Each structure stands twice: as C-alpha cells, then as structure tokens.
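Letter by letter, the chains look like this.
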Protein chains: 2
Amino acid sequence: MSDVARVAGVSVTTVSYVLSGKRAVAESTSQAVHRAVDELGFTLNTAARTLRTGRSNLVALVVPDIANPFYAQLAAGLEERLRGPGYHVVICNTQARRPLELAFLADVVEQRFAGVVITPFRLKAADFEPVRAAGIPVVVSADHWLDGLDQVVPDAVAAVRAAVEHAVASGRLRIGMIAGPRDAQGGDPRLDLLRVQAAEAGYAVPEEFVVRGEHTREAGDAGFTRLMSRPVHPDVIFCVNDVTAVGALDAAERLGVQVPEDVALVGHDDVVFASLVRPRLTTLRYPPLDVGHAAAALLTERSEGRVHSRTHRIPVTFVQRSTF
Amino acid sequence: MSDVARVAGVSVTTVSYVLSGKRAVAESTSQAVHRAVDELGFTLNTAARTLRTGRSNLVALVVPDIANPFYAQLAAGLEERLRGPGYHVVICNTQARRPLELAFLADVVEQRFAGVVITPFRLKAADFEPVRAAGIPVVVSADHWLDGLDQVVPDAVAAVRAAVEHAVASGRLRIGMIAGPRDAQGGDPRLDLLRVQAAEAGYAVPEEFVVRGEHTREAGDAGFTRLMSRPVHPDVIFCVNDVTAVGALDAAERLGVQVPEDVALVGHDDVVFASLVRPRLTTLRYPPLDVGHAAAALLTERSEGRVHSRTHRIPVTFVQRSTF
C-alpha cells in the first residue's frame, strides 16, 4: 500500500480511503491512486475488501480425504452452488486427525474465511468456539450432533429398518458391522442406529460381530478379515461407508469368501463405484451431491443473517444390488 | 483498518506500518495496535500480507470436474505437498467450458493467487498472458504443449507401443479410439500418439474407427454405441481416460457386447475404480497422485525464483487386466 501511495504521490491514509471507499476523496486523487494500482500491476480489491469487511470469499471444505469419492462429489456440489455468489472452495484434507482438524480451523479464523463445511472426526463442540466467536458460519456434515451448529445429516431410520427387515426375512440373523473408529467424537451413530433397528426387529448386534476402524478401504479389508476369523461369524455385515465395503470385498476375494452366499454386505453412501464393483454393492444411498447443495444453502442463509441453527435432513434409501 | 486505528488511538498510516512491519514503530504503539486488532476480533495478518506482498497463499486447481477421481486424487497429491509451505488449494470446476476457464483465470489475477495448476481444454497459450503478466506461476497438467509454461505431461510412448504390440500379437488389427473433443485446444494428443505407434507397427487408426466427445462416462457410452453400430467395428478400442472406458463398459453391457471377446478396451489413468469394475479395466497407468506432487514441486520452484519453464514427465505403464 505504501508503494501505491508513493507512486500516486498521496499518503497511505488517502490510499486506504480510496480503496476502502470509506471516505469521499477528490476524483483526481482517486484516479491517481487507481492509476498507481494499475501501474504496479496489483489488483488489490480482494485483499482490501478482506481488510475492510473482515471477511474473505473463501469457504473451507474440511474433510478426511478429498480422494474419497463421497467427499469429491460433495465438493463438486458445494462448488457448483457457491461459484455464483462468488465464493471459492478450499480443500482441507485432515486424514481424520485431530491436529490437522484444529490447524485448519485456526487457518479459517486467521484468514477470515467466509465459512466452513466440515466433517469432523476428533473435534468437540468446544473446538468450534474460536470460529463461532469470529462470526464465521460453520456447517457440519456428520451423523452425530454438535450443539448450536448448522448441520447436514442423513435421515436413515427407514432405510436401515428396511435393510434389517430384509436380513430377518432372508434368515440372516447374525448381524455385524465394520464401524467407524472407537475414539471418534460422537462414537459411531451408524452403529447405534443399526443396533436400535435390529433391537426393534428382536435381534442384537453383539460386540463380537462389531469391528472398528477408520473409514478407509484398508480398514474395511482388515475388519472383514477379523470378523471372518471368529469362531462364529456374521452372515450380514453393514459397513460404515462404501469405501470400507470395497475393502471388505477385497478381503472376501483374497480369503475365498463368497459374497453374498457366505456373507452379505451393505455399504453406505452409494458413491460412483458402488454400482461398478462386482458383485454390485447393496448400499444405503446418501447422495453426496445433495449434501454439498444443502451445505451451500445453509451457509448462504447464515451469511444472509439467519441467527438460529438449522438442520437439513437428507433421506437415505436402501438400494438393493448383488451383495445382499 | 480505520477501525483498528480508532480503537488503538493511532493513525491509519501507523496501523499500516505495524501490520506490514515496513517501518519501525515504538513498542508501545505496536502493542496498542495489536491489542486493537485482537479486540476487534480481526486477525488481519493474511489480508495485510496480501496487500504487502501482492500475493495470497491460494493455489487454484482449475480442472473440468473434481468429482472425476483422476482430478480428486491429483487434488489430494497437490494439497498434501502444498500444506506444509502454507498454501491452500482452491477448487475450480470448469466443466471443460471456455467461459468458466477464463473466469477462473481472471479470479486468479484479481485475487492475487500464489499459483495455478490447470488442465485447460479450450484455452490458448495467449489466454494465460494476464496471469503471466501478473507474475503468477502456472503449471499445466495436459498432454499438449503450451509455450513457455511449466507442465506435467505423461510420457506414454513406450506404454502405447506395448499396447499396440499386444494388439498386433493377438490379431486385433482394427484399432479404434474413443477420443477427446474435436474442438479442444491442442486436439487429442492421445489419439495422435496412438496413430503414430500404430503406424510404426504397420497399421492405421482409420477415421471411421474414431469417435470424439468430452472426457465423461456419458461420452464413453455414446461413443462405444456409435462405434459398434458401424458395418465393420474396431476389435480393440482405446479410451481417452478410464471414466470414458467405464461408459463404454456401460454400453457394452446394455448392447450385449462381450468385452474382451467381441471387442477389447484400454483405458487411461488407472483411477481407483479401474481395478474395481468387471471385467477389470486394462489401462495406461498415469498416476494422479504423482501428477499432483510434480505440479506442487514445479510451483514451489517457480515461487523460489526459477526463471525458465520446466517440464516434468511422468512415465506411463501398460497395465493388463481383463478387458484386453
């Protein structure tokens, strides 16, 4: 800014007035400043606006891994809806690790982001305090609740009930799950929901039929392998997401386990490859593009002044293909 | 900034000196300014730095579609290497459309991005002039050449030769391709390379065995359908990428065409679902994570002062699976 002042032959204060538009400045002075800005090859509008409004046009997408197709599609949906209003979507890959989750939230505050869309794994509601205190809108995309924040959540009760009823009807009464990590904040609501629905049907999901790990292909492979090594193994396994289910299919192929003859599999999400793998994956469809659109809508409403937190529920459907 | 000046009881010029660090200011004054910044709940460091250095910490990733797993993995590789040095990766989905490609380049200049990684479809070298004039490093990830820019390119000669030799050895002499769009800048270098290698082996890729379209699943489906409707159809089809090849598999299933018995298929990239589809996709492996890492390295070198443009070649390998 002092370079601009020097070239324009005015004070830094005057440059600040011209760029911020906060005070009237003589037209000739204003022109001199803008000429100087052009001469210097600088286009300071955005940075000046950030200083003026205390807000950038960046929205952080804080997720474990953008290469997971669920998050890649969520990103596409978010970007599609935020491009028009002039926002940019910034990728923040956390690998579901708390230090990275915290580091990105700190960046969001330091750099005055316009908003955050986050799938937190190891964050408590209190960890969002600095972001909220800075007045930056947060949208959580997760199954567990974080007090006072806008959220996009799956509404999966009917779909899980349908899947459990299908299990009971086909005589698969040993219900297991490859669930999320034990130390995740909020536990694993997908496991909780499965247990509730199984109980309503008169069955249990016993601890020996549950394995826990990250939401990755490797964890799915390892989890399936452990479940099948038990003296009695489940005959239907719900997976915390499709990526995990694909890992389970990897293990089944290696171990010579027939899916669905020996054990049925149910994924979660219906990402693009769910219908590409063989056998085709039966899954609980939770469309990531819709999640991205809903998150964009919640963010936009907040920026426009909505005060109370809101939850957007997206219906999940039970999609039967070949693994169950 | 004028708010900070008011609260701190100093001039805007003084605030500018303190935040930019350009001139020495009394310690007590400096403390007053920083206290005011804290009180206002603003953390202006980044915006102030952008004004000072004329450069933000944002790197634009300008690609047709982040939901294409090739670009999602490229994004993950780029983000992984740029996070340490303090850069953020911004998603810019162009749908391969020129107006959006140009709009994102304009944003990059206006907002003083620190760099651009781009897979351009409808841009000429001249379209990059404003970005270059602004001194913003550009890395192109594409098969065709753009003068004077840093590039990551596939080195696919040996791999395509191996694939063509395999075709000839197995008596598949009617070589076809589902290629990229006709109006793309630079044409389709993957088609050119296939033609050169086929010619070296003594064969042609005749125009009636070539269809052109976008790099999408839908285009692969439509292209395969058109090729198979010809009086004589190819017995091996190269696809411009894996997503297109999956579209071809969709069409084959619908049409009752056996792959590879009736026609063999070769993809390009080896994205994660190439080994998940059935039959498993034979492909030309061009690993997106490596492309992301190479692009990050080229950007970093430029920021550190390298003057001449550089090209990073990534070896492509012929991966044989079940479609050929």
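**Examining the sheet that holds strand β7 (residues 210–212) of chain A**
Residues and elements named next belong to chain A.
Turning to step 1, where the next piece is worked out: Pairing in this open sheet of 6 strands is mixed, and the strands run β7-β6-β8-β9-β10-β12 from one edge to the other. Strand pairing shows two members of the sheet lacking a second neighbour, β7 and β12 (317–319), which therefore form its edges. Pairs of neighbouring strands in the sheet enclose a mean axial angle of 20°, with direction left out of account.
Turning to step 2, where the next piece is worked out: Examined bridge by bridge, strand β6 (residues 175–179) and strand β8 (residues 236–239) share 4 bridges and lie parallel to one another. Bridging across to β8, Ile175 finds its partner in Val236.
Turning to step 3, where the next piece is worked out: Lying over the sheet, helix α11 (residues 242–255) contacts β6, β8, β9 (264–269) and β10 (283–285), oriented at roughly 155° with respect to β9.

**Remarks on the environment of Glu304 of chain B**
All names here are of chain B.
Turning to step 1, where the next piece is worked out: Within the secondary structure, Glu304 is located in the loop between α12 (288–303) and β11 (311–315).
Turning to step 2, where the next piece is worked out: Judged by its relative accessible area of 65%, Glu304 falls in the exposed class.
Turning to step 3, where the next piece is worked out: Along the backbone, Glu304 and Leu61 are 243 residues apart, and their C-alpha atoms lie at a distance of 20 Å.

**Regarding the packing of helix α8 (residues 157–169) of chain B against helix α9 (residues 189–200) of chain B**
Relative placement of two packed helices is described by the angle separating their axes and the distance separating the axes.
Residues and elements named next belong to chain B.
Turning to step 1, where the next piece is worked out: Running from N to C, α8 and α9 point in directions that differ by 55°, and their axes come no closer than 9 Å. When the interaxial angle is binned, α8 and α9 end up oblique. Two packed elements cross with a definite hand, and for α8 against α9 that hand is right-handed. Side by side, α8 and α9 meet where Val157, Val160, Arg161 and Val164 of the first sit next to Leu193, Leu194, Gln197, Ala198 and Glu200 of the second.
Turning to step 2, where the next piece is worked out: Residue composition of the contact of α8 with α9, grouped by class: 6 nonpolar, 1 polar and 2 charged.

Reading guide: rules and limits
- Residues numbered from 1 in each chain as written.
- Chains lettered and ligands numbered in written order.
- Predicted model: local features only at pLDDT ≥ 70, side-chain atom pairs only at ≥ 80, totals over all residues.
- Heavy atoms only, no water.
- Pairing = 2+ DSSP bridges.
- Helix = DSSP H or I, 4+ residues; strand = E, 2+ residues; numbered from the N terminus.
- Axes fitted to C-alpha atoms, helices over the stretch in contact; angles between N-to-C directions.
- Contact = heavy atoms within 4.5 Å.
- Buried < 20%, exposed > 50% of the residue type's maximum accessible area, 1.4 Å probe, protein only.
- Parallel < 35°, antiparallel > 145°, perpendicular 65-115°, else oblique.
- Left-handed = near helix turned anticlockwise from the far one by under 90°.
- Nonpolar A, V, L, I, M, F, W, Y, C, P; charged D, E, K, R; others polar.

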